[in-house]
Amino acid sequence: MSQRQMGGQPMIILGEDSQRMKDKDAQSHNISAARAVAESVRSTLGPKGMDKMLVSSLGDVTVTNDGVTILTEMDIDNPTAEMIVEVAEAQEDEAGDGTTTAVAIAGELLKNAEELLDQDIHPTAIIKGFDMAAKEAKSQINEIATSVDPDDEELLRKVAETSMTGKGAELNKELLSQLIVDAVDAVTVEAEDGSVVADLEFLNIETQTGSTVGNSELIEGGVVDKDPVHEGMPTDFDDADVLLLDNPIELDEADVDAQLSVDDPSQLQNFLDKEEEQLQELVDAIVDTGADVVFCQKGIDDMAQHYLAKEGILAIRRAKKSDIEFLREVLGANIVSDIRSASADDLGRGSIRRDESEGLFYVEGTGDESHGVTLLLRASTDHVVDELERGVTDALDVVSSTVADGRVLGGGGAPEVEVARRLRDYADGVEGREQLAVEAFADALELVPRTLAENAGLDSIDALVDLRAAHEDGDVSAGLNVFTGDVVDTLDAGVVEPAHAKTQAVSSAAEAANLVLKIDDIIAAGDLSTSGGDEGGAGGPGGAPGGMGGMGGGMGGMM
């Protein structure tokens, strides 16, 4: 409850159940919550990162080390923590990868900011310093980045392999990286201004269990995992006219409380005959378009299935909306909502092939307007194929981003150590207390190589000292080989990351940290627990707002 003295009497301005936290209490509270989130994903960073098992309230299990998946799947019930989750989501949307890096840096920035706050440095000075440091860091990243030719297939494969390292896709990264590069190449177009863009809208990902990852393949066209609606239908066409429907081939349902009164059996028969007649009309409308194949997003009446089979038309029902939309691109067709108004102009052209052993339809466009490829990922179980899909999706985003942006960096913590070194030089020329914030920003960036070393079971201090020495000697691409513990030139070693993902991670982390630091007052309508830990260290603040209990039974269990 908050009150203000007016004429000797307290003026109550908040409700009875409201709570308020001000100044350093509010800042410490927010920083602890944000750091708890960052701590929850740190152990997943790098080739030796560990996985998390997330169990939903319904008992669904997800096993992953993908930062954004972990944070979005967790049941987070804390406003500050949700701000950090937004960092991961923004990083995923903009760069496709680097979510763990962005969140970990944001947490470390806030940890370092708390130490500055304890030295009575005002939040505005820290915010200004962080903003200056972020701009300088992005400038330095651009300076040390190496240009890459969009046609340099070998380098793009290395980018894909680096993205997949440490994830479920790693064991077959040579095959998958080649598939990814080929897939991106298939959907890369040159824009009117001469720039190169990889349009992933024309790339579909399908998964199938019961096989090995090594059997994954890139297929021209689309794949539909459905069965024909009637066993008497043909399943293979060399050059078919295809109709795409997003409405059912059924009659409109009567109202729930509708009743039909009949005086004799002939009336009921007439009613049934009329229904059959209307279904026949719908099928006749399809036949009149000249369609050989129908993909329907909704249901198909049993009688309509019979009529379609008699006409020699292949029909597939309850196809996924995403499949229908992708087939529109593959076949150059229109998606039809009203069957009676469909015409031959709405049809697409393609070859249809049925693989009975896999239960899949392979659809390849044969018309001039057809384009699109499908990456068919295979694995043994649902959990394996789900994690494989997440790793491949990130790698696709990273490769397409590299093709569009045309710049790469060495990995293994090399860019972070180099930029931190340059930021410290930059800080010498910064006046006022902002200088300390710039130095704190540089320290935060070095969390990445330290965490890579920790997750690999190496000594993080020794690794950082060796990296700093290499960069002082002018080796800009000197990074950590987590498998041997040695400092190597990561560009030469094939550990390559897109520059765009790194600049986005720095931006996202700095903006999130500044957003949290700017808050000096928390006014909660309900209970506001303050029993969180003093530090956001291992185990996390069990009592951050709402007790952080909303985070899947407490954040402590996640770290």
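As the structure is a computational prediction, the values presented were derived from the model and not from experiment. (Residues numbered from 1 in each chain as written. Predicted model: local features only at pLDDT ≥ 70, side-chain atom pairs only at ≥ 80, totals over all residues. Heavy atoms only, no water.)

Chemist: What am I meant to see in the sheet that holds strand 9 (residues 203–209) here?
Modeler: The three strands lie next to each other as 9-18-10, forming an open sheet whose pairing is mixed. Each edge of the open sheet carries a strand with a single partner, namely strand 9 and strand 10 (217–220). Within the sheet, the average angular offset between the axes of one strand and its neighbour, ignoring direction, is 25°. When strand 10 meets strand 18 (residues 373–379), the two strands line up antiparallel, connected through four bridges. In the strand pairing of strand 18, Glu220 is matched with Val373. Sitting on the sheet, helix 10 (residues 321–331) touches strand 9 and strand 18, and the angle it makes with strand 9 is about 135°. (Pairing = 2+ DSSP bridges. Helix = DSSP H or I, 4+ residues; strand = E, 2+ residues; numbered from the N terminus. Axes fitted to C-alpha atoms, helices over the stretch in contact; angles between N-to-C directions. Contact = heavy atoms within 4.5 Å.)

Chemist: Before we go on, may I ask you to explain helix 7 (residues 173–186) in this structure?
Modeler: Its 14 residues place the ends of helix 7 19 Å apart at the C-alpha level, agreeing with the 20 Å of an ideal helix rising 1.5 Å per residue. Considered for burial, the residues of helix 7 that qualify are Lys173, Leu176, Ser177, Leu179, Ile180, Val181, Ala183 and Val184. (Expected span 1.5 Å × (residues − 1). Buried < 20%, exposed > 50% of the residue type's maximum accessible area, 1.4 Å probe, protein only.)

Chemist: Quick question: what am I supposed to make of the layout of surface pockets here?
Modeler: The method is simple in principle: a probe with the dimensions of a water molecule rolls over the atoms, and the space it marks as empty is what remains. Considered as a void within the structure, the largest pocket measures approximately 830 Å³ in volume. Lining of the largest pocket is provided by 41 residues; of these, Gly46, Pro47, Thr162, Thr165 and Glu497 occupy positions nearest its centre. Every element with two or more residues in the lining of the largest pocket is listed here: helix 4 (99–118), helix 6 (153–164), helix 14 (447–455), helix 16 (490–493), strand 22 (496–498) and helix 17 (499–517). Broken down by class, the residue content of the lining of the largest pocket amounts to 16 nonpolar, 17 polar and eight charged. Of the domains in this structure, domain 1 (19–147 + 409–522) and domain 2 (153–205 + 376–405) are the two that each give at least three residues to the lining of the largest pocket. (1 Å grid on protein atoms, 1.4 Å probe; cavity = no way out; pocket = protein on both sides within 12 Å on 5 of 7 lines; lining within 4 Å. Points joined across faces, edges and corners; volume = space filled by probe spheres on them. Nonpolar A, V, L, I, M, F, W, Y, C, P; charged D, E, K, R; others polar. Domains from an automatic or database assignment.)

Chemist: Is there a simple way to explain the side chain of Ser508 in this structure?
Modeler: Locating Ser508 in the fold gives a position in helix 17. Apart from the residues lying within four places of it in its own chain, the contact partners of Ser508 are Val87 and Gln91.

Chemist: Would you take a moment to explain the nonpolar core for this structure?
Modeler: Generally speaking, a soluble globular protein has its nonpolar side chains buried in company with each other. Core analysis: the biggest nonpolar cluster contains 68 residues, and Ile126, Phe130, Leu423, Phe441 and Leu517 have the highest contact counts within it. Other than its neighbours up to four places away in sequence, Ile126 contacts Ala113, Leu116, Leu117, Ile121, Ala437 and Leu517. In terms of nonpolar packing, the next biggest core, distinct from the first, is built from 43 residues, Ala285, Ala291, Tyr307 and Ala309 among them. (Core = buried A, V, L, I, M, F, W, Y, C linked by side-chain atoms within 4.5 Å.)

Chemist: It is not clear to me how the sheet that holds strand 19 (residues 407–410) should be interpreted in this structure. Could you clarify?
Modeler: As a general point, the strands of a sheet are linked pairwise by backbone hydrogen bonds and lie either parallel or antiparallel. Taken together, three strands build an open sheet; the order of strands is 6-19-22 and the sheet is antiparallel. In the strand order of this sheet, the two ends are held by strand 6 (146–147) and strand 22, each with one partner. By the bridge criterion, two bridges tie strand 6 to strand 19 in an arrangement that is antiparallel. Counted as the bridge partner of Ser147 is Arg407 from strand 19. Those strands touched by helix 17 are strand 19 and strand 22, and its axis lies near 60° from that of strand 22.

Chemist: What's the story with a nonpolar patch on the surface in this structure? I'm lost.
Modeler: Taken together, the side chains of Met53, Val55 and Val61 make up a nonpolar region of the molecular surface, amounting to roughly 270 Å² of accessible area. Along the chain, Val55 falls in strand 4 (residues 52–55). (Patch = residues over 30% accessible without salt bridge, like charges linked within 9 Å, V, L, I, M, F, W, Y side chains within 5 Å. Areas by Shrake-Rupley, 256 points an atom, 1.4 Å probe, with all protein chains shown as cover. Salt bridge = Lys/Arg side-chain N within 4 Å of Asp/Glu carboxyl O.)

Chemist: Which parts of the structure should I look at to understand helix 3 (residues 79–95)?
Modeler: Since the α-helix packs 3.6 residues into each turn, any two residues three or four apart lie on the same face. Given a rise of 1.5 Å per residue, 17 residues ought to cover 24 Å, and the 24 Å separating the end C-alpha atoms of helix 3 matches this to within 8%. Within helix 3, the full set of buried residues consists of Thr80, Ala81, Ile84, Val85, Val87, Ala88, Gln91, Glu92 and Ala95. Around the axis of helix 3, the buried residues are gathered within 160° of arc, so they sit on the same side. Facing away from the buried side of helix 3, by more than 90 degrees, are the exposed residues Pro79 and Asp93. One or two positions beyond helix 3, positive phi appears at Gly96, with a value near 85°. (Arc of directions from axis to C-beta.)

Chemist: Explain the environment of Val213 to me, please; I cannot follow it from the model alone.
Modeler: As for its position among the elements, Val213 is in the loop between strand 9 and strand 10. For the pair Val213 and Ser380, spaced 167 residues apart in sequence, the C-alpha to C-alpha distance is 7.7 Å. For Val213, the residues in contact, after removing those within four places along its chain, are Asn172, Leu175, Leu176, Arg378, Ala379 and Leu388.

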